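Examining the three-dimensional arrangement
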Amino acid sequence: QVQLVESGGGLVQAGGSLRLSCAASGRTFANRPMGWFRQAPGKEREFVAAISMSGSTYYADFVKARFTISRDSAKNTVYLQMNSLEAEDTANYYCAATVQNYGSVWLRQARNYDYWGQGTQVTVSS
């Protein structure tokens, strides 16, 4: 059974940083695309960042070089380093994985992911 477990969320002041982790179990995603999405109350889930099979990274425009997605294949874990956090970044952050070799366009769409974590809450106080 595949499981994605996020951690690292919490309460932080504007301008601060957090690093989210997503640990996969049940199968290896070391060479599979993985992504981060977020959902704020009353809003739709939106793409944040993704990393492809080859290690290419993709980001939503609102990230503006503040976030960095990376992976540790040996640990079957993907990370999201978030710097210069803003109140608008407050949301529940979800990790996702797919077994397909998708490119940048497909990885920005939540429907193309096969597995999802339960989410970790990030709250940024202004």
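Residues numbered from 1 in each chain as written. Predicted model: local features only at pLDDT ≥ 70, side-chain atom pairs only at ≥ 80, totals over all residues. Heavy atoms only, no water.

**Describing the overall build of the protein chain**
Each helix and strand in the protein chain was counted, giving one helix and eleven strands. Along the protein chain, helices (α) and strands (β) appear in the sequence β-β-β-β-β-β-β-β-β-α-β-β when read from the amino end. Taking 126 residues into account, the globule formula puts the C-alpha radius of gyration at 14 Å, and the protein chain, at 13 Å, falls close to it. Dimensions of the protein chain along its principal axes, counting C-alpha atoms only, are 40 × 25 × 25 Å. Sorting the 126 residues of the protein chain into buried and exposed places 42% on the buried side. (Helix = DSSP H or I, 4+ residues; strand = E, 2+ residues; numbered from the N terminus. Rg over C-alpha atoms; globule rule 2.2 N^0.38 Å. Buried < 20%, exposed > 50% of the residue type's maximum accessible area, 1.4 Å probe, protein only.)

**Description of the pairing of strand 3 (residues 18-25)**
In this structure, strand 1 (residues 3-7) lies alongside strand 3, joined through five bridges in antiparallel fashion. By the bridge assignment for strand 3, Ser7 is matched with Ser21. (Pairing = 2+ DSSP bridges.)

**Details of the state of the cysteines**
Applying the stated criterion across every chain yields a total of one disulfide. Covalently, Cys22 is tied to Cys95 through a disulfide, its sulfur atoms 2.0 Å apart. Because the torsion about its S-S bond is -75°, the bridge between Cys22 and Cys95 counts as left-handed. Here the residue Cys22 occupies a position in strand 3, and Cys95 occupies one in strand 9 (residues 91-97), the gap between them amounting to 73 residues. Of the two residues, Cys22 and Cys95, neither departs from the other in class, the shared state being buried. (Disulfide = S-S within 2.5 Å.)

Purely spatial values, then, with no claim about function.
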